[in-house]
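Residues per chain, in single letters:
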Amino acid sequence: MSEKNSSTLFRAKRILDGSGHKEFSADVFVKDGKFKALLPFNSCLREEADEFFELSEEEILCPGFIDVHTHSDFCYAADGRSDARVFQGVCTDICGNCGLSAFPKRPANQAYFDEEWSAFELPLSDLTWKDFEDYSAFVQEKGLMQNLVPLLGHNTLRQAFNGDRARISQETLGKMK
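Remember, it's a predicted structure, so these values are computed and weren't measured experimentally. (Residues numbered from 1 in each chain as written. Predicted model: local features only at pLDDT ≥ 70, side-chain atom pairs only at ≥ 80, totals over all residues. Heavy atoms only, no water.)

Draft legend 1. Molecular detail of the pairing of strand S2 (residues 24-31). Two elements, strand S1 (residues 7-15) and S2, share 7 bridges in a ladder whose sense is antiparallel. The residue bridging Phe10 from the neighbouring strand is Val28, located in S2. Where S2 meets strand S3 (residues 34-39), 5 bridges bridge the pair, whose relative direction is antiparallel. By the bridge assignment for S3, Val30 is matched with Phe35. In sequence, S2 turns back onto S3 through a hairpin of 2 residues, with Asp32 there showing a positive phi of about 55°. (Pairing = 2+ DSSP bridges. Helix = DSSP H or I, 4+ residues; strand = E, 2+ residues; numbered from the N terminus.)

Draft legend 2. Quick look at the sheet that holds S3. Ordered by their spatial adjacency, 4 strands build an open sheet running S3-S2-S1-S4, and the pairing between neighbours is mixed. Each of the sheet's edge strands pairs with one partner strand only, and the pair in question is S3 and strand S4 (51-54). Strand-to-strand twist across the sheet, computed as the mean angle between neighbouring axes with direction ignored, equals 20°. Bridge count between S1 and S4: 4 bridges; the pairing is parallel. Considered in S4, the bridge of Phe10 is made with Phe53. (Axes fitted to C-alpha atoms, helices over the stretch in contact; angles between N-to-C directions.)

Okay, structure coming up:
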């Protein structure tokens, strides 16, 4: 469906658009992986679409959800493409906003990584990224099925440059920037 020059028509008896209005029936036309038109139910575009999906009465078509607080940073290392999140309807994950993030990863905070992320039961030593650019390349190589918005966790940043010390020197602050 996301390929260029392709089109998909979804015929849905139940659409919830997130506006708070009651559900309704319609055809949804997608071209080149992007929403193009909301059409009357049973529109005549069925033959013009490359793909056609008719949803059952039990299925609901709605916009993808944005999960604004996730801990998916390392799940991508285990899961790869994040299929489970997409099947839950999540199109965008925002992670790192609670203070934990997958980067920066430096020798100074390796113990912090091992402790904080051990619950994920991943081989953390195999994760070779060090900064945002490395992490971004890693997740892009996995071929994610959704959008990922990784934020820089303040605890991870502090541990990478200051360890467990309570006070941060002006010199260290400069390095953190």
